[in-house]
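The primary structure of each chain is shown beneath.
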Amino acid sequence: MSKVLNACKALGQYGYRKNKACRMSIFFICTIAIIGCSSGGKDQNLGVSERHTIKVGKIDEERVIKADEEPGDWLVHGRTYDEQRFSPLSQITPDNIDNLGLDWHYDFDTRRGLEASPIVVDGIMFVTGSWSKMYALNARTGELIWKYDPAVPREWAVNFCCDAVNRGAAVWDGQVYFGTLDGRLISLNANTGELTWEIQTTAKDKPYSITGAPRIIKGNVIIGNGGGEFGVRGYFSAYDAKTSDLVWRFYTVPGDPADPIEHPALEMAIKTWKGGQWWEIGGGGTAWDSMAYDPELDLLYVGVGNGSPWSRKQRSPGGGDNLFLSSIVAVRPDTGEYVWHYQTTPGESWDYTATQHMILADMKINGKQRKIIMQAPKNGFFYVLDRTNGEFISANNYVEINWATRVDPDTGRPVMNPEARYGADKPFVSIPSPLGGHNWHPMTYSPNTGLVYLPAMESAFPYQIDKDFTPQTVGLNLGIDPDAHAMPLGSEIRAEIRKSLKGHLIAWDPKQQKEVWSVEHPIAWNGGLLSTASDLVFQGNAEGNFVAYDARTGSELWSFDGQNGIMAPPVSYSIDGEQYVAVLAGWGGTMPLLLGEGVKHAAKHNVSRILTFKLGGSQTLPAHQWTEKTLNPPPLTGTAEQVARGKTLYQRNCFACHGDTVVSGGVIADLRYSSSSIHEMWEQIVIGGAFKSMGMASFAGALSAQDAEDIRQYVLKRAHDAVQEEAASNY
Ligand code: CA
């Protein structure tokens, strides 16, 4: 704590005062750091003694199965176990939506990205914010009831790729459950926010993280984790909600063949890994987001992530499907026993996870009533499977793709473009990119229209194996050539790739496997979705607008300026006969961190908020405070060789947080704007860990002092490039 304060003071002394924007941002960073240093626990509690007597959050299996009998609540992550994210509420309609207005907003005490779906029950909204913080609010007024800060060490940020986000909590039998970025699972008393239990679900010495929401099935809390980009072995686990005891664990990829296998399904899986020492780096297959549950079939469906490192040639040089990477796996929720799997991308090599949202529905297809599961994973195909046994029914690409041409209906396997299996000397620009045709942002299915609404993206990425790849102890382990994805700015291909980044809201007919309508967004990374019984579809977007569309035509009916880029999916609930729609607004996540250039006009300084609307709502947001940044880099002193070396090192170690080629998306510091004091402290920051309490870990062990200096020279080069670009644009 005192170190942070000293660092903050030092920044003041070193001239941060000169620049208002820098001053503001460092004030913010220091504030966050100080908050982060406070001991973990409930740091606000309004009327604990009174609240002890109130029964809230008494959710159980029967109540979730009968969720339609209390349509005013949002009981579980996707509202129902089938995760349709469809609200039966119909007070807000296309005819009266002009009267929809802001009723309350709640400003979080963080400014990082927000991705959570709130749970609303008994008039209380349970919602997670950045850094795995948990909040309980009065759902009618937005008044804070309690909050809980698990005090995630900020330097753990070096172990997760995609911002300090969390996608939500679960509420069960009077308790609130959520995961933390450093791998803990926590149970709090829903009335009071007091800690009931806390356990570590991951190895503390491995780069695991939790951003996904737990699901609770028959008293078992099911939780996965992330870390595929860093080098871990994926698994998901069930813990007893009352006792925190581990009930079962399902490993998604085999471990060291010299060790006994953990469960019988791995016997099948290990035959699909050939050669290589994948277990040394972990193999990947993290289950970091999607799940769904069918209580009648008693099947839990879990989406599994990409391989680690990315290319199969490095993990499993003898080929093979590498099960259960990029698969949907169905297990028994009581035991974790394997029932079936379907692999979307055999021999996965493009970060094409199958962790994307899965929706269960029943519908007549080709004259036959089917129980289906639907997913639009990153690889660009929309899949319809029989959820009783995993049988392939149909697939079609929902965005442009080039890695495969189609899915063979006889085998259920993609017909691949042979060029797509890139090598060290053979790059391939694949569509979609690692961002996916669709990422974690939830879809919605309306049983009224029979359509799935899907937040899709167009993107491409140049893949090439890193010849010099050796697993690092700190940071990313993609195995991808850092120079391939740092092709010189202005080159034709890079310009093409950047130009191709677009977003779409697509209404998709799952029976016909075709688009019915779509709306184009200028920025790719837009919000998750909600559909309602009155044929409305709600979506926030990267530009900060919260929009309602006509579910049948896609025409825009209503829009609100939320001031911050929106990624989270909206929810709807009602209290005393009034319907509310709520959404979290806070820009961040993978693309905003990575691709600053492509999202320039969305890179606002977050005021991370919950926005809640109702008919007749008449609140307004305070005016947004804009901050202007000034470029004033010290002179570039390095040689061209140093700059080139620094570029490779930057793209291998720094780009995931500070942005591709040092162009930040605005959520994390844009290093081109670093002051001379930052440049003076460079080695202390990068190697010495001076800013670790602010989320900048030490790279000691991964980088030498010379490496850090070369990176600095590359950053200086990029800062001077930007000065020139600015001068040219002002001319
Ligand atoms: Ca990944």
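Residues numbered from 1 in each chain as written. Predicted model: local features only at pLDDT ≥ 70, side-chain atom pairs only at ≥ 80, totals over all residues. Heavy atoms only, no water.

### Side note on the state of the cysteines
In plain terms, the rule: In plain terms, two cysteine sulfur atoms within 2.5 Å form what is called a disulfide here. Partly exposed residues are those whose accessible area sits between 20% and 50% of the maximum for their type, while under 20% is buried and over 50% is exposed, using a 1.4 Å probe and protein chains only.
In total, this model carries 1 disulfide according to the counting rule given. Two residues, Cys161 and Cys162, share a disulfide whose sulfurs are 2.0 Å apart. In this structure, the disulfide formed by Cys161 and Cys162 twists by about -95° around the S-S bond and is classed as left-handed. Exposure remark for Cys161: the relative accessible area of 22% places this residue in the partly exposed category. Taking the relative accessible area as the measure of exposure, Cys162 reaches 18% and is therefore buried. Looking at Cys654, it has no disulfide partner, and the nearest cysteine sulfur is the one in Cys657, 9.0 Å off.

### Here we look at unusual backbone geometry
The cut-off we apply is this: Only runs of H or I of at least four residues qualify as helices and only runs of E of at least two qualify as strands under DSSP, and these elements are numbered from the N terminus.
Between Ser308 and Pro309 the backbone carries a cis peptide bond, its omega angle lying at -10°. In this structure, Pro309 sits in the loop between strand E19 (307-308) and helix H7 (312-315). Notably, Asp351 is not glycine yet its phi reads approximately 60°, a positive angle. By secondary structure assignment, the location of Asp351 is in the loop between strand E21 (338-343) and strand E22 (358-365). What makes Asp351 buried here is its relative accessible area of 5%. Even without being a glycine, Asp576 presents a positive backbone phi close to 50°. Here Asp576 lies in the loop between strand E38 (571-575) and strand E39 (578-585).

### A few points about the confidence of the model for the protein
Formally: A score between 0 and 100, pLDDT records how confident the predictor is in each residue. Contacts were defined at the residue level, with two residues in contact if any of their heavy atoms lie within 4.5 Å.
When pLDDT is averaged across the protein, the result is 90; 89% of the residues are at 70 or more. Low confidence marks residues 1-40, where pLDDT is under 50. Its contacts with residues over four positions away, or in another chain, come to 55 contacts.

### Topic: the pattern of salt bridges
The condition that has to hold: We define a salt bridge as a contact between a side-chain nitrogen of Lys or Arg and a carboxyl oxygen of Asp or Glu at a distance within 4 Å.
Applying the stated criterion across every chain yields a total of 38 salt bridges. When the shortest N-O distance is used, the salt bridge between Arg184 and Glu198 registers 3.4 Å. With Arg184 in strand E10 (residues 184-189) and Glu198 in strand E11 (residues 195-200), the pair connects residues that are 14 residues apart, well separated along the chain. Looking at Arg184, the relative accessible area reads 10%, which means it is buried. Of the residues examined, Glu198 reaches a relative accessible area of 35% and is grouped as partly exposed. Measuring nitrogen to oxygen at the nearest pair gives 2.9 Å for the salt bridge that ties Arg718 to Asp721. Here Arg718 and its partner Asp721 are both found in helix H13 (residues 705-730), 3 residues apart, which amounts to about one turn of the helix. The same class applies to Arg718 and to Asp721, which are both buried. One continuous salt-bridge network, built from bridges that share partners, spans Arg63, Glu70, Asp73 and Asp122.

### Description of the sheet that holds strand E29 (residues 444-446)
Defined as follows: In this analysis, strands are considered paired if DSSP registers two or more bridges between them. Axis lines are fitted to C-alpha atoms, over the contacting stretch for helices. Their N-to-C directions set the angle, which ranges from 0 to 180 degrees.
The strand order across the open sheet built from 4 strands is E29-E30-E32-E33, with neighbouring strands paired in antiparallel fashion. On the outer flanks of this sheet lie E29 and strand E33 (514-521), each paired with one strand and no other. Strand-to-strand twist across the sheet, computed as the mean angle between neighbouring axes with direction ignored, equals 25°. Note that strand E30 (residues 451-458) and strand E32 (residues 502-509) share 7 bridges and pair antiparallel. Following the sheet pairing, Met457 is matched in E32 by Gly503.

### Describing the pairing of strand E9 (residues 175-179)
The buried count for E9 comes to 5 of 5 residues, which makes it a mostly enclosed element. The alternating pattern of E9 places Gln175, Tyr177 and Gly179 and Val176 and Phe178 on opposite faces, both of which are buried. Sheet analysis places strand E8 (residues 170-172) next to E9, joined by 3 bridges and oriented antiparallel. Bridging across to E9, Val171 finds its partner in Val176. Connecting the antiparallel pair E8 and E9 is a turn made up of 2 residues, with Asp173 showing a positive phi of about 50°.

### Structural notes on the sheet that holds E39
A sheet is described by the order of its strands in space; here 4 strands give the open sequence E3-E40-E39-E38, paired in antiparallel fashion. With partners counted over all chains shown, the strands left at the sheet margins are strand E3 (100-107) and E38, one partner each. Neighbouring strand axes in the sheet, compared pairwise and without regard to direction, differ in orientation by 30° on average. In the sheet, E3 pairs with strand E40 (residues 609-615) via 7 bridges, with the strands oriented antiparallel. Along E40, the bridge assignment pairs Leu102 with Phe613.

### Observations regarding the pairing of strand E15 (residues 246-251)
Successive residues of a regular strand alternate their side chains across the two faces of the sheet. Here 5 bridges tie strand E14 (residues 235-240) to E15, and the two strands are oriented antiparallel to one another. The residue of E15 that forms the bridge with Phe236 is Phe250. Hairpin remark: E14 followed by E15, antiparallel, with 5 residues in the connecting loop; positive phi at Ser244, about 75°.

### Describing the packing of aromatic side chains
Here is the rule: Any two of the Phe, Tyr and Trp rings considered here, Trp counted by its six-membered ring, make a pair once their centres fall within 6.5 Å; the pair's planes then place it as stacked at under 30 degrees, edge-to-face at over 60, or tilted in between. Should the NZ of a Lys or the CZ of an Arg lie within 6 Å of a ring centre and within 35 degrees of the ring normal, that charge is described as sitting over the ring.
As enumerated under the stated definition, the model contains 37 aromatic pairs in all. Centre to centre, the rings of Phe324 and Tyr338 are 5.7 Å apart; their planes meet at 35°, and the pair counts as tilted. With Phe324 in the loop between H7 and strand E20 (327-331) and Tyr338 in strand E21, the pair connects residues that are 14 residues apart, well separated along the chain. Judged by relative accessible area, Tyr338 falls into the partly exposed class, the value being 23%. Arranged with centres 5.1 Å apart and planes meeting at 10°, the rings of Tyr573 and Tyr580 form a pair that is stacked. Judged on exposure class, the residue Tyr573 and its partner Tyr580 are both buried. An aromatic cluster is present here, built from Tyr342, Trp350, Tyr352, Phe381, Tyr383, Phe392 and Trp403 joined pairwise through their rings. In this arrangement the basic side chain of Lys204 is found over the ring face of Trp156, its NZ or CZ atom lying 5.8 Å from the centre. The positively charged end of Arg233 is found above the aromatic ring belonging to Tyr251, 4.0 Å away from the centroid.

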